[in-house]
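# Geometric and topological summary
Listed below are the residues making up each chain.
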Amino acid sequence: MKNQKIIKNILIILTLIVVAVGIFFGITFYQASKVTGSTPRGGNNTDLTRTPFQTKVATGSDITIIDTSVKPDEVENPLPILVVEKNIPKLVELWKEPVSGFDFLSKDIQVEATTTKGTSTILTTKTIKNQLHIYVWDRATGNIYENLASSTDVSRTSNLTSPGVQEATFISPTTVFTQELDLDNETIIRSYVNLYKETATSTLYTASKKRVFVYADYVSISPENKKMFYTLTNTGKAYVSNLDLSSVLNVLNTNITQWIPQYINKKTLSLTTKPSAYFPGYLFFVNSDGTQENQYILGEKYGLTTLTSPNNTKVLYNEIENDSLFTSIYDTKTKKTVRLTQATLTEKCVWSNDSKKIYCAIPQTLKLAPYPDAWYQGKTEFSDNIWSINPETGKFDIEVALQDQVPQKIDAYNLKISSNKQYLLFQDKYTLHLWKYTF
């Protein structure tokens, strides 16, 4: 009788243990499913005061090229497949070292495919047109790398070794414009780099580097028509020229010597006075052919920085008032201004090619400071999210909740959006690393 009572107690204890373990694992799996489940674009956290740093991974889809022109007596194997990766994260740190430049460029690629004709298998090479790539200039080595935008694989394309380049602008897959400091750390050396393959079987490009003697503090490059826009140092003379200086046109003469140029489009250029929170700034438009006088757009705004839309109808700009930063959109046609409800620096923004949307990295916390000076001098600590802005209404939409994606602060700048609005590139000011986001 006593033994039966002991056995009964043991069975009750074991039953309670099993139930407790089941409840524990049930709760654990439920919580895990909530964290790892799919989330809307940009995550579901738009509360700027909440920073749980939860890693959310969303997957992309494969892209398969299917040739529908195969004859009935031929069977083509399921090749080529441009993207074979699965479960690609939307946000990736594409290059985990400092970069000097990057951009989206399209080029044709060659892929191998097999066709079965009767009992014979034929290996053929196909050309797939205009595939979007990302080109990257590694800052430490000067090597050039490329990435098929729809994948995460990055491969080296050149044998060029040119460390020390601070800024590299990609004009085409085989031409780059570089800027670096001379040994005196004051003189800017600019060069026009051409890439070519020495033989048909060469796997890497060889580079020829030609120095371009332009004495300017800032240069704006237009990959669209392969020209540059600049003002000569310590003068008010502005010029448009070919990248190799084979043609030079004087487009403006003024007494103001400190300008930031922007090549807006083939016809229109902009000049903004060098910004400071302690001095008023001005913005002018200039015709690229030099046929008309400059056009006054904005002025008397302290800390003025600008970013003009590709169709030159709107200007995103910053101004500082009592150490408070404000961001606004000015309509060049109606002369009306919309002040945005969130502020950031124009250097942390980019217009879409069709001028219908602006993408901006916006700090979660923006302390009072003399902007943009404090940001230029590295006296700020920004932790950004990336938003899109409707330039007609000023409405914001969260695009990339970086606080939910990575466990460290990112001060994003140098944003670039692909022409199809499918990919966004940006650089982290803290590390100079390159990030890619897939919409």
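Quick caveat, the model's predicted, so the values are computed rather than measured. (Residues numbered from 1 in each chain as written. Predicted model: local features only at pLDDT ≥ 70, side-chain atom pairs only at ≥ 80, totals over all residues. Heavy atoms only, no water.)

## Side note on the pairing of strand β3 (residues 99-117)
Bridge count for β3 against strand β4 (residues 120-138) is 17 bridges, and the pairing is antiparallel. Directly across from L105, in β4, lies its bridge partner H133. (Pairing = 2+ DSSP bridges. Helix = DSSP H or I, 4+ residues; strand = E, 2+ residues; numbered from the N terminus.)

## A short note on the nonpolar core
With 16 residues, the main nonpolar core has L91, I386, L402, I410, L415, L424 and F426 as its most contacted residues. Looking at this core element by element, the count peaks at three residues for strand β27 (residues 412-417). Residue contacts for I410: discarding those within four places in its chain leaves F382, S383, D384, L402, F426, D428, Y430 and W435. (Core = buried A, V, L, I, M, F, W, Y, C linked by side-chain atoms within 4.5 Å. Buried < 20%, exposed > 50% of the residue type's maximum accessible area, 1.4 Å probe, protein only. Contact = heavy atoms within 4.5 Å.)

## As for the sheet that holds strand β14 (residues 248-253)
Across a sheet, strands are paired by hydrogen bonds formed along the backbone, either parallel or antiparallel in direction. Strands sit in the order β11-β12-β13-β14 across an open sheet of four strands; the sheet is antiparallel. Every interior strand has two partners, whereas the edge strands, β11 (216-222) and β14, have only one. Pairs of neighbouring strands in the sheet enclose a mean axial angle of 20°, with direction left out of account. Taken together, the five bridges between β11 and strand β12 (residues 227-232) define a ladder with antiparallel strand orientation. Within β12, the position partnered with S222 by the bridge is K227. (Axes fitted to C-alpha atoms, helices over the stretch in contact; angles between N-to-C directions.)

## Some words on the environment of P223
Here P223 lies in the loop between β11 and β12. What makes P223 partly exposed here is its relative accessible area of 31%. Between the alpha carbons of P223 and Y263 there is a distance of 9.7 Å; along the sequence they are 40 residues apart. Contact partners of P223, with chain neighbours within four places excluded, come to F170 and I171.

## Side note on the pattern of salt bridges
Once their charged atoms are close, side chains differing in charge can pair, the charge on each being opposite to the other. Enumeration over the complete set of coordinates arrives at twelve salt bridges. For K129, the salt bridge identified is with D108, shortest N-O distance 3.5 Å. With a gap of 21 residues between them, K129 in strand β4 and D108 in strand β3 connect regions that are remote in the sequence. Judged by relative accessible area, which is 35%, D108 ranks as partly exposed. Linking K314 and E392 is a salt bridge whose minimum nitrogen-to-oxygen distance equals 3.1 Å. With a gap of 78 residues between them, K314 in strand β20 (residues 314-321) and E392 in the loop between β25 (384-389) and β26 (396-400) connect regions that are remote in the sequence. Three or more residues joined by partner-sharing salt bridges are found here, namely K314, D331 and E392. (Salt bridge = Lys/Arg side-chain N within 4 Å of Asp/Glu carboxyl O.)

## Some points on the state of the cysteines
Here the structure, examined in full by the defined rule, presents one disulfide. The side chain of C349 participates in a disulfide bridge whose partner is C360; the two sulfur atoms lie 2.1 Å from each other. On the sign convention where negative is left-handed, the bridge of C349 and C360, at about 115° about the S-S bond, is right-handed. Of this pair, C349 sits in strand β23 (residues 349-351) while C360 sits in strand β24 (residues 358-363), placing them eleven residues apart in sequence. Residue classification places C349 among the buried positions, given a relative accessible area of 6%. By relative accessible area, which is 0% here, C360 ends up buried. (Disulfide = S-S within 2.5 Å.)

From the geometry alone we can't say anything about function, so treat these as descriptive.
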